[in-house]
Amino acid sequence: MKKLLRMRSNLSFNIISAVVLLLVFFSLIVSAIGYVSFTNAFYREYRETTCNMAYTASMLIKPDSIDTYLEEGGTSYEYLQSKNNLDKFCLKMDVSIVYVIKVDTSDYGSFTSIFNSVGRDTPYTPWELGYQQETTNDEYIQVYKDLYEGKKQNGTIYRTRDLRGAPPHITTLVPIRDSNGEVVSLMCIQRPMKELRDGRRPYLINIAISTVVLAVLVALSSAIYIRREFVTPLRGIANETNRFARENRKGAELGSLSKINEIATIGVSIDKMEDDMLKYIENLTAVTSEKERIGAELSIASTIQENSVPNIFPAFPARKDFDIFASMTPAKEVGGDFYNFFLVDDNHIAMVMADVSGKGIPAALFMMVTNILISDRTRMGGTPAEILTYVNENICAHNKADMFVTVWLGILEISTGKIIAANAGHDDPAICRKGESFEIVKNKHGLVVGAMAGIKYKDFEIQLNKGDKIFLYTDGLPEATDKDNKMFTVDGMINALNKHKNESPEAILEGINKSVGEFVGDAPQFDDLTMLCLELKENDNNMKTLVVDATNDNLHEVMDFVDSFLEENGATMKAQMQVDLSIEEIFVNIASYAYGDETGKAEISVENNSGEIIIELKDSGIPYNPLEKADPDITLSAQEREIGGLGIFLTKKNMDSVSYSYENNQNILRMTKNIN
């Protein structure tokens, strides 16, 4: 097998094989043409000769006496003499059968035998006078009809298959007309086609032998010439290219390996390629080293930029009065867009959406400076207009690159839903009122930050109610383009927002990203894509939440929190004791095992749903489902039972239902207790 594979990869073998295959293919075509021509010529000769025989044989009988022969039963001297003449004719002409039939012209489906003479060495038995036979097939029926109706002067049928034991033959039929010109019967002569078969076999054998001899001669002569003029020079070129690929150093000149111009040109081209490749490798090594250094720095810069904005969600898991989510997708490794949000105090959250002019590293550096200035100044206090005025003055004082940034800055008073905001040339936000749809809310715009010193920005107010959402974005969203340079547009953005208006801020941003991705398709991202969405949550008077460090020292605070809620909602002392026992078991397990040697947070939420108390305990520790442990066998004594499992067993007994899930990297144990 390996030897065969080596041969198939050899140039001489492939070229010679191709030449031989072409020769064989050409011989097959010539043979096929000769075969068809030879066969057609034989068929034509058979048809003409047999037709002449049939005409001659038809002269040996008297057409006007056909019906008389049938009536007399073939006893007349005239019939016997005609029969004798046809028998001699059949033997003389060396044909298989000479027969005369009278066809039933009502449907040409049967005939009656008049004369039937059989030749030597044939498998046929002569028909008696008056013998009736069904017509063999539709082809015979059509020939009978054409001859009786005068549409043809003669007919020929070739039988080479479905012979029922007979050799291949040709049957020629001519009409026999009486003195009135009417067709009264048909003269039929069947002749074997042995000569055709015997003639074609030597022809095909000669062609095959000639092809083999010619192929051998061509292969030998081609092998000598091709090896000398093609294979050896090309092998030298191949060896040199392989050597150069391994060693990357200059080798022997290849231009003189062959007298054939094309091969010599290849050799000269490879000589030049080696020189150019050595220079290219030298330059590429230097460029690659520099690119790797820049790539490493860009990767670090991308990480720094990503960590310069809030990127862990949920951002404020203890806050149930609002929900916020944001995303930033740079067009390059780093970008100029940025968002930010942070709690100024427990009742105020600042939201920033900005877009720096340009892209890449310069925009990213400008973005970092602007973000730091805005964040630091906002924490010092003041309105958004005062903050942007301060930031603009500081940037203009050191902006030799003449860059600028559009900024939307708003501070939300969480308890009232009032937003005080200022806009430095940025896109207007979209707001969705509870039960309604998103729409753009236009407000006053100031000049972009960094364009001119001395600019005074102005504040404006936006009122959010419980259940409302606000959506901030950069122009990379409406200006996202597909391969035909069509933009997503603000209308497209609003339509996409409204598809997900009833969902959480995170789900809204995921839906927008999906819609933009489907619109853009394979087109490259042209601009940074940055979004932020905040929802002011509705108050839930039936639900309270406590977040504490997961330590045993805080068990008392957790128990007081739960007991206070149970008392407010009229729980019986028995129900309260059962809930306390369950809370203590689960919280102590979290404090002892969830975070190992570290200290994490535990969140406890309680809710009254029509008399059913729903309690959830959440932690971000090691994933663990306490319900998987098998219940202890309480029929055994304490000394006989395995240690552990009794606490969670009692919890399941005391509570109406207990379930576990792991969501958003949190263990969530949910318990319900009906206090009615």
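Residues numbered from 1 in each chain as written. Predicted model: local features only at pLDDT ≥ 70, side-chain atom pairs only at ≥ 80, totals over all residues. Heavy atoms only, no water.

Caption draft 1: Quick peek at the overall build of the protein chain. Assigned secondary structure in the protein chain consists of 14 helices and 21 strands. Here the protein chain holds 676 residues, and the buried ones make up 41% of them. The long-range share in the protein chain, meaning contacts at least 24 apart out of those at least 6 apart in sequence, stands at 67%. Split by element, the accessible area of the protein chain, about 37,000 Å² in all, is 54% carbon and sulfur. (Helix = DSSP H or I, 4+ residues; strand = E, 2+ residues; numbered from the N terminus. Buried < 20%, exposed > 50% of the residue type's maximum accessible area, 1.4 Å probe, protein only. Contact = heavy atoms within 4.5 Å. Areas by Shrake-Rupley, 256 points an atom, 1.4 Å probe, with all protein chains shown as cover.)

Caption draft 2: Quick peek at the sheet that holds strand β21 (residues 666-674). Strand order in the open sheet formed by five strands is β17-β18-β19-β21-β20, and the pairing between neighbours is antiparallel. Two strands lie at the open edges of the sheet, namely β17 (543-549) and β20 (657-663), each paired on one side alone. For this sheet, the mean angle separating the axes of adjacent strands, direction not counted, is 15 degrees. Of the pairings in the sheet, the one linking strand β18 (residues 601-609) to strand β19 (residues 612-619) comprises eight bridges and is antiparallel in character. Across the sheet, the residue bridging to Ala 602 is Asp 619, located in β19. (Pairing = 2+ DSSP bridges. Axes fitted to C-alpha atoms, helices over the stretch in contact; angles between N-to-C directions.)

Caption draft 3: Examining the pairing of β18 more closely. In this structure, β17 lies alongside β18, joined through seven bridges in antiparallel fashion. Looking at the pairing, Met 543 lines up with Glu 607 of β18. Taken together, β18 and the strand that follows it, β19, pair antiparallel across an intervening segment of two residues, in which Ser 610 is found at a positive phi of about 55 degrees.

Caption draft 4: Region of interest: the pattern of salt bridges. Scanning the model with the defined rule gives 12 salt bridges in all. Residues Arg 670 and Glu 616 are paired through a salt bridge, measuring 2.9 Å at the closest nitrogen-oxygen approach. Here the residue Arg 670 occupies a position in strand β21, and Glu 616 occupies one in strand β19, the gap between them amounting to 54 residues. Arg 670 sits in the partly exposed class, given a relative accessible area of 34%. Classification of Glu 616 by relative accessible area gives buried; the value is 16%. (Salt bridge = Lys/Arg side-chain N within 4 Å of Asp/Glu carboxyl O.)

Caption draft 5: Here's a closer look at the confidence of the model for the protein chain. Averaged over all residues, the pLDDT of the protein chain equals 83, while 82% of them reach at least 70. Within the protein chain, no element has a lower average pLDDT than helix α1 (residues 2-8), which sits at 55, and none a higher one than strand β15 (residues 469-473), at 97. (pLDDT = per-residue confidence, 0-100.)

Caption draft 6: Fine view of the sheet that holds strand β13 (residues 438-440). Spatial ordering of the open sheet is given by β7-β16-β15-β12-β13, a layout of five strands whose pairing is antiparallel. Strands with a single pairing partner mark the edges of an open sheet, and in this sheet they are β7 (322-329) and β13. Here the strands of the sheet are splayed against their neighbours by 15 degrees on average, with no regard to which way each runs. Sheet topology places β7 next to strand β16 (residues 529-536); eight bridges connect them, and they run antiparallel. Bridging across to β16, Asp 323 finds its partner in Glu 535. Across the sheet, helix α11 (residues 505-520) lies against β7, β13, β15 and β16, angled at about 150 degrees from β16, the strand it touches most.

Caption draft 7: Structural detail: the environment of Glu 128. Structurally, the position occupied by Glu 128 is in the loop between β2 (110-118) and β3 (132-134). Separated by 11 residues in the primary sequence, Glu 128 and Ser 117 place their C-alpha atoms 9.9 Å from one another.

Caption draft 8: Broad picture of the environment of Leu 534. Secondary-structure assignment places Leu 534 in strand β16. For Leu 534, a relative accessible area of 0% gives the class buried.

Caption draft 9: Quick look at the packing of aromatic side chains. Evaluated as defined, the whole model comprises 16 aromatic pairs. Pairing Phe 313 with Phe 325 gives two aromatic rings, centres 4.3 Å apart and planes at 40 degrees, and the pair type is tilted. Here Phe 313, found in the loop between α7 (261-307) and β7, pairs with Phe 325, found in strand β7; they are 12 residues apart in sequence, far enough to count as distant. Residue Phe 313 is classed as partly exposed on the basis of its relative accessible area, which comes to 25%. Through successive ring pairs, a cluster of aromatic residues spans Tyr 99, Phe 111, Trp 127, Tyr 131, Tyr 140 and Tyr 144. Its end group placed over the ring of Tyr 390, Arg 377 keeps NZ or CZ at 5.4 Å from the ring centre. Here the guanidinium or amino end of Arg 379 rests over the ring plane of Phe 342, the centre of that ring lying 4.1 Å away. (Phe/Tyr/Trp six-rings, centres within 6.5 Å; stacked < 30°, edge-to-face > 60°. Lys NZ or Arg CZ within 6 Å of the ring centre and 35° of its normal.)

Caption draft 10: Main features of a nonpolar patch on the surface. On the surface, Ile 205, Ile 209, Val 213 and Leu 217 cluster together into a nonpolar patch covering about 370 Å² of accessible area. Locating Leu 217 in the fold gives a position in helix α6 (residues 194-247). (Patch = residues over 30% accessible without salt bridge, like charges linked within 9 Å, V, L, I, M, F, W, Y side chains within 5 Å.)

Caption draft 11: Geometry of the pairing of β2. Counting buried residues along β2, seven of its nine residues qualify, which places the element largely inside the surrounding structure. Of the pairings in the sheet, the one linking strand β1 (residues 97-103) to β2 comprises seven bridges and is antiparallel in character. Each bridged residue has a counterpart across the sheet, and for Val 100 the counterpart in β2 is Phe 115. Adjacent in sequence and paired antiparallel, β1 and β2 are bridged by six residues, among which Tyr 108 carries a positive phi angle near 55 degrees. Looking at chain direction, β2 and β3 are connected through three bridges and run antiparallel. When the bridges of β3 are listed, Ser 110 appears paired with Glu 134.

Caption draft 12: Highlighting helix α12 (residues 555-568). Compared with an ideal rise of 1.5 Å per residue, which puts 14 residues at 20 Å, α12 spans 20 Å between its outermost C-alpha atoms and is within 8% of the ideal. Along α12, the residues classified as buried are Leu 555, Val 558, Met 559, Phe 561, Val 562, Asp 563, Phe 565 and Leu 566. For α12, the secondary structure elements touched by its buried residues are β17, α13 (573-594), β18 and β19. Looking at the residues trailing α12, positive phi occurs at Gly 570, about 75 degrees. (Expected span 1.5 Å × (residues − 1).)

Caption draft 13: Structural context of the nonpolar core. If you look at the biggest cluster of nonpolar residues, it comprises 49 residues, and the most contacted ones within it are Met 351, Val 407, Trp 408, Ile 419, Ile 470, Leu 532 and Leu 534. For this core, the element with the most residues is strand β9 (residues 348-356), which contributes seven residues. Judged by nonpolar contacts, the second largest core, of 31 residues, contains Leu 555, Leu 566, Ala 575 and Met 671. (Core = buried A, V, L, I, M, F, W, Y, C linked by side-chain atoms within 4.5 Å.)

Caption draft 14: Molecular detail of the packing of helix α8 (residues 360-379) against helix α9 (residues 384-396). Between α8 and α9, the shortest axis-to-axis distance is 10 Å and the interhelical angle comes to 140 degrees. One finds that α8 runs oblique with respect to α9. Of the two elements, α8 crosses α9, and the hand of that crossing is right-handed. Contacts from Phe 366, Thr 370, Leu 373, Ile 374, Arg 377 and Thr 378 of α8 reach α9 at Glu 386, Ile 387, Tyr 390, Val 391, Asn 394 and Ile 395. (Parallel < 35°, antiparallel > 145°, perpendicular 65-115°, else oblique. Left-handed = near helix turned anticlockwise from the far one by under 90°.)

Caption draft 15: Fine view of the state of the cysteines. Under the criterion given, the structure shown has zero disulfides. Free of any disulfide, Cys 533 has its nearest cysteine sulfur in Cys 432, 8.7 Å distant. (Disulfide = S-S within 2.5 Å.)

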